[in-house]
Each structure stands twice: as C-alpha cells, then as structure tokens.
Amino acid sequence: MSSDTLTLHYAPQTRASTARVLLDELGAPYELDILNMHAGELKSPAFLAINPLGKVPTLTHGDTVVTESVAIALYLGDLFPQAGLTPMPGDPRRGAYLRWMTIYAACFEPAVIDKAAGHVPSAVQSPYGTYEGVVDLLAGQLGKAAYLLGDEITVADIHWGAALHWTLMFNLVLDLPVFTDYTRRVTSRESFQKVFADDARLATEHEAAAGAAAAAS
Ligand SMILES: N[C@@H](CCC(=O)N[C@@H](CS)C(=O)NCC(=O)O)C(=O)O
C-alpha cells in the first residue's frame, strides 16, 4: 500500500455508502476497509484509534484522517477536480456549493434528527431555526433547476441525493415531488445502483455473521 492510498473505512447501508458512490463518480482509486457494524467493529480499539467517535464514513489518505461525511465529500471533490463534479475556487458556483454542503451538516441533519427524536428546540436558540424553515429552503432551491446548483450535477447532488434517499425512506421529509423527482434523478445513476446492490449483499452477510457470533457466545 503506497503512502497516499485512499482508504474508505466502510459499513454498508450507512452514510459511508455516499462516500463510496462519490469515490466511484470521481473515478478515484481507493481501497475499502469493510467493517461489520452489527459485530461491534466500529468500536474496536483499532478503529477507535483512527476515529475516536467510532463512526463511518472515515477516510484515510496516507497519514491524513478525514472524518464527517461533508468534510470527506469536500476533500475528495477538491482532490479530483478532473471529474468535472466540483465547483472549484474561481467557479461562480463555489460559494453556493460550500453553503449547501454546510447547510446539510449544520442545519438539515440536526433538524431531521431532532424531528425524529420529537425534539422541537426554540427557533432562536436552534442553529438551524426551524425544521420547516430548513425543508422549505431546500424545496425552494431544488424547485429552481434539475440540480442543486443549476443544470449540471455536482458533488453536492451526490451528497444531497443520498441524504434525501434515506430521509424520504424514514419519512423524515414529506414525499413532495420536488424531493422525490430529484432523488430519483440522482440515485438512479449507475454509481448509486451498484453501491445499493453491493450494500444489500454485505448487510445480509454482516447480520448473519453477527447473529452466528452472538449465538455461539
Ligand atoms: N456526522 C457524521 C455521522 C456519522 C454517523 O453517525 N455514522 C453512523 C452510520 S450512518 C455510524 O457510524 N454509526 C455507528 C455508531 O455510532 O456506532 C457524518 O456525517 O459522517
């Protein structure tokens, strides 16, 4: 393994799946370190030494460790600009790109997690305002064009398409056509379909292996 190898520490059917789709879309060479979440492998000492939070996705690039899906997406997008999916500095879309990636981590995800937990924080104290405000903001943006930043797909759409896929699946956002059409447009790509299929296989294997280990103990 060369020192600049990209390794995605991975568990199927998690936020790490998005990073894997993105690596494929970018044409990046990478290795997968497949971990069985059901067997506790995300909390093993070896993995905690890489990411003390014991979470995936985690990306290592030589000695560099990148955690947090949005940071990983931004890092990879900048590393592979030749794929044509990254609004790089100088591109007029760069500001909106950074804004929407940050809205995902700082506003959308906290809002849907609060919603799932039945927690309604004060709109003034909450870093995202209200759940309804965030969802309306997103619906308004997606209603303007085929993709988040216009007519061309970017890294931001790989991220948001995957996010809407799981939030629609868990009924955390309303299945408005503006969300379902966009999600279908993004996740029908070959890259997503390949990862979804492989994840289904891996998840079945992992559950069986964890079940067998539990039964034997
Ligand atoms: N804020 C993190 C969230 C990562 C996260 O929660 N990952 C989940 C899988 S979707 C995980 O690793 N869960 C395992 C655990 O907490 O034990 C990110 O965006 O990367």
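Since the model is a prediction, treat every value here as computed from it, not as a measurement.

**Q** Just to check I follow, could you spell out the site of the ligand for this structure?
**A** All residues in the neighbourhood of the ligand are listed as Thr14, Arg15, Met37, Leu42, Lys43, Gly54, Lys55, Val56, Pro57, Glu68 and Ser69. Within the side chain of lysine 43, an N or O atom sits 2.9 Å from an oxygen atom of the ligand. Note that an oxygen atom of the ligand is positioned 2.6 Å from one of the side-chain N or O atoms of serine 69. Contact with the protein chains removes 75% of the 510 Å² of surface that the ligand exposes when unbound. Most atoms of the ligand, that is more than half of them, are within 2 Å of grid points of the largest pocket.

**Q** How do you make sense of the pairing of strand 1 (residues 6–10) when you look at a structure like this?
**A** Along any regular strand, the residues point their side chains to alternate faces of the sheet. The element strand 1 is extensively covered by neighbouring structure, given that five of its five residues are classed as buried. A two-sided burial pattern is seen for strand 1, the buried positions comprising Leu6, Leu8 and Tyr10 on one face and Thr7 and His9 on the other. The pairing of strand 1 with strand 3 (residues 58–61) spans four bridges and is antiparallel. Looking at strand 3, one finds that leucine 8 is bridged to leucine 59. Note on the crossover from strand 1 through helix 1 (residues 16–26) to strand 2 (residues 31–34): the handedness is right-handed.

**Q** How should I be thinking about unusual backbone geometry in this particular structure?
**A** One can expect most non-glycine residues to show negative phi and most peptide bonds to be in trans. The amide bond that connects valine 56 to the next residue, proline 57, takes the cis arrangement and shows omega of 5 degrees. Tracing the chain through its elements places proline 57 in the loop between helix 2 (45–48) and strand 3. Phi at glutamate 68 is positive, roughly 80 degrees, even though this residue is not glycine. Here glutamate 68 lies in the loop between strand 4 (64–67) and helix 3 (69–79).

**Q** Would you mind showing me how to read the packing of helix 1 against helix 6 (residues 155–169) here?
**A** For any two helices packed against each other, one specifies the inter-axial angle together with the distance between the axes. Remark: helix 1 packs on helix 6, axes separated minimally by 10 Å, with the N-to-C direction vectors making an angle of 150 degrees. Considered as vectors, helix 1 and helix 6 are oriented roughly antiparallel to each other. Helix 1 and helix 6 meet at a crossing whose hand is right-handed. Side by side, helix 1 and helix 6 meet where Thr18, Val21, Leu22 and Glu25 of the first sit next to Val155, Ile158, His159 and Ala162 of the second. For the contact of helix 1 with helix 6, the class distribution of residues is five nonpolar, two polar and one charged.

**Q** So what exactly am I meant to see when it comes to the pairing of strand 2 here?
**A** Across four bridges, strand 1 lies against strand 2 in parallel orientation. Opposite threonine 7, over in strand 2, you have glutamate 31 as the bridge partner.

**Q** Quick question: what am I supposed to make of the sheet that holds strand 1 here?
**A** By way of backbone hydrogen bonds, the strands of a sheet pair with one another, either parallel or antiparallel. Pairing is mixed in the open sheet, where four strands are placed in the order 2-1-3-4. Looking at strand neighbours, the two that pair on one side only are strand 2 and strand 4, the edges of this open sheet. Here the average twist between neighbouring strands, direction ignored, is 20 degrees.

**Q** Hey, could you run me through the packing of helix 1 against helix 3 in this one?
**A** Interhelical geometry of helix 1 versus helix 3 gives an angle of 10 degrees and a closest axis separation of 10 Å. Comparing the axis directions of helix 1 and helix 3 gives the class roughly parallel. The residues of helix 3 that touch helix 1, namely those facing Ala19, Leu22, Leu23 and Leu26, are Ile72, Ala73, Leu76 and Gly77. Considered class by class, the residues forming the contact of helix 1 with helix 3 number seven nonpolar, one polar and no charged.

**Q** Help me out: how do you make sense of helix 8 (residues 190–216) in this one?
**A** Spacing of three or four residues puts side chains on the same side of an α-helix, whose turn is 3.6 residues. Compared with the 39 Å implied by 1.5 Å per residue over 27 residues, the 39 Å span of helix 8 between its first and last C-alpha is a close match. Of all the positions in helix 8, only Ser191, Phe192, Val195, Asp198, Asp199, Leu202, Ala203, His206 and Ala210 are classed as buried. At its buried positions, helix 8 is contacted by strand 1, helix 1, strand 2, helix 6 and helix 7 (177–187).

**Q** What is the right way to look at the pattern of salt bridges in this model?
**A** Here the idea is simple: oppositely charged side chains can pair when their charged atoms come close. All chains considered together, the criterion is met by nine salt bridges. A salt bridge links arginine 93 to aspartate 91, with the shortest nitrogen-to-oxygen separation between them at 2.9 Å. Among the residues examined, arginine 93 registers a relative accessible area of 23% and is labelled partly exposed. As a salt-bridge pair, arginine 184 and aspartate 181 come within 3.5 Å of each other at their nearest N and O atoms. With a gap of three residues between them, arginine 184 and aspartate 181 both fall in helix 7, about one helical turn apart. For arginine 184, a relative accessible area of 52% corresponds to the exposed category. Residues joined in a network through salt bridges with shared partners are Arg20, Asp198, Asp199, Arg201 and Glu205.

Reading the values: the criteria
Residues numbered from 1 in each chain as written. Predicted model: local features only at pLDDT ≥ 70, side-chain atom pairs only at ≥ 80, totals over all residues. Heavy atoms only, no water. Near = heavy atom within 4 Å. Polar contact = N/O pair within 3.5 Å; in protein donor to acceptor, adjacent residues only side chain to side chain. Areas by Shrake-Rupley, 256 points an atom, 1.4 Å probe, with all protein chains shown as cover. 1 Å grid on protein atoms, 1.4 Å probe; cavity = no way out; pocket = protein on both sides within 12 Å on 5 of 7 lines; lining within 4 Å. Sits in = over half its atoms within 2 Å of the grid points. Buried < 20%, exposed > 50% of the residue type's maximum accessible area, 1.4 Å probe, protein only. Helix = DSSP H or I, 4+ residues; strand = E, 2+ residues; numbered from the N terminus. Pairing = 2+ DSSP bridges. Right-handed = clockwise from strand over helix to strand, strands pointing away. Axes fitted to C-alpha atoms, helices over the stretch in contact; angles between N-to-C directions. Parallel < 35°, antiparallel > 145°, perpendicular 65-115°, else oblique. Left-handed = near helix turned anticlockwise from the far one by under 90°. Contact = heavy atoms within 4.5 Å. Nonpolar A, V, L, I, M, F, W, Y, C, P; charged D, E, K, R; others polar. Expected span 1.5 Å × (residues − 1). Salt bridge = Lys/Arg side-chain N within 4 Å of Asp/Glu carboxyl O.

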